Amino acid sequence: MIQTVIFDMDGVIVDTEPVHHYAYHQHFKLLGIEVSDEMYATFTGNSTKNVFQKLKDAFSLEEDVNDLVQKKRSIFNDAFDTKEDLYLIDGVEALIKRLYNDGIQLIVASSASKVTIERVFNRFHLHQYFTHIVSGEDFPKSKPHPAIFEHAASLSIAPKENCIVIEDSTNGIQAAVSAGIFCVGYDSFHSKDQDLSKANIIIRHFDELNFEKVRDLN
């Protein structure tokens, strides 16, 4: 029986990707580099630090990775605070409340920085539903490495066999699979160009999940 649901954040709880896209590409312009759409798509599910390590290697950037990260986050934070049309993913708030009210433990495990997670959770008043927040910035390797989900599962009230992960990215699903945790792939227009085929099941709207279905997964 499932007792813990581990949520990814970007693309699952909230779609911050347009803000990230804007911030990254503004930064790319400042750095004088051209990042193809194909290369950018591979960044999904990676921490900002790992993205800039890849970019530093690919474009022989002289700047320190940590300085690159801070500049991008500064652009992102300015855009996040002024962006009015930022909403939770359709149906996810109702699912979160249903699971919480039915006694399911909720954990978020996101590649986003702690600052970004806090901004999202404060803006949408989500702290009350989640027992733990796990940020990818605390791990040397990003998804698809399983460390973030292994750690999230270690915080569960139950063994990982009684946990599920909800993910929308190729890297995130691979991380969940590598961690040995049942994975629900969320397929939405925010997940374009992502391969969800390794997920145990795929949903297209959060209305497809309820307490009874979640409880009996795996």
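Here we summarise the structure given alongside this text. Just so we're clear, the structure is a prediction, and the values are computed from it rather than from any experiment. (Residues numbered from 1 in each chain as written. Predicted model: local features only at pLDDT ≥ 70, side-chain atom pairs only at ≥ 80, totals over all residues. Heavy atoms only, no water.)

1. Here we look at the pairing of strand β1 (residues 4-7)
Basically, it comes down to this: Accessibility here uses a 1.4 Å probe with only protein chains present; expressed as a share of the type maximum, an area under 20% marks a residue as buried, one over 50% as exposed, and anything in between as partly exposed. Helix and strand definitions here come from DSSP, where helices need a minimum of 4 consecutive H or I residues and strands a minimum of 2 consecutive E residues; each element is numbered from the N-terminal end. Should DSSP find at least two bridges between two strands, the strands are taken to pair.
In β1, alternate side chains face the same way, and those of T4 and I6 on one face and V5 and F7 on the other are all buried. Bridge analysis of β1 against strand β2 (residues 105-110) gives four bridges, and the strand direction is parallel. Paired with I6 across the two strands is I107, which belongs to β2. As defined by bridge partners, β1 adjoins strand β4 (residues 163-167) across four bridges and the pair is classed as parallel. Each bridged residue has a counterpart across the sheet, and for F7 the counterpart in β4 is I166.

2. Some thoughts on the sheet that holds β4
So the rule is basically this: Every axis in this analysis is a line fitted to C-alpha atoms, fitted for helices over the stretch in contact. Angles between the N-to-C directions lie between 0 and 180 degrees.
In spatial order, the strands read β3-β2-β1-β4-β5-β6; together these six strands make up an open sheet with parallel pairing. Where the open sheet ends on each side, the last strands, each with one partner, are β3 (132-135) and β6 (201-203). For this sheet, the mean angle separating the axes of adjacent strands, direction not counted, is 25 degrees. Of the strand pairs in this sheet, β4 and strand β5 (residues 182-186) are connected by four bridges, and their pairing is parallel.

3. A closer look at the pairing of β3
Going by this rule: We call a crossover right-handed when, viewed with the strands running away from us, the connection from the first strand over the helix to the second turns clockwise.
Pairing between β2 and β3: four bridges, direction parallel. What sits directly across from I107, in β3, is H132. Following the backbone out of β2, through helix α6 (residues 114-124) and into the adjacent parallel β3, one traces a crossover that is right-handed.

4. Concerning the state of the cysteines
Quick reminder of the rule: Here, the term disulfide refers to a pair of cysteine sulfur atoms separated by no more than 2.5 Å.
For the structure shown, the criterion picks out zero disulfides. Free cysteine: C163, not disulfide-bonded; nearest cysteine sulfur from C183 at 13 Å. Classification of C163 by relative accessible area gives buried; the value is 1%. The buried category is assigned to C183, whose relative accessible area is 0%.

5. Some points on the side chain of Q194
So the rule is basically this: Note on contacts: a residue pair qualifies if any of its non-hydrogen atoms lie within 4.5 Å across the two residues.
Note on placement: Q194 falls in the loop between β5 and β6. Taking relative accessible area as the criterion, Q194 reaches 17% and is therefore assigned buried. Leave out the neighbours within four places in its chain, and Q194 touches A41, T44, D168, S169 and T170.

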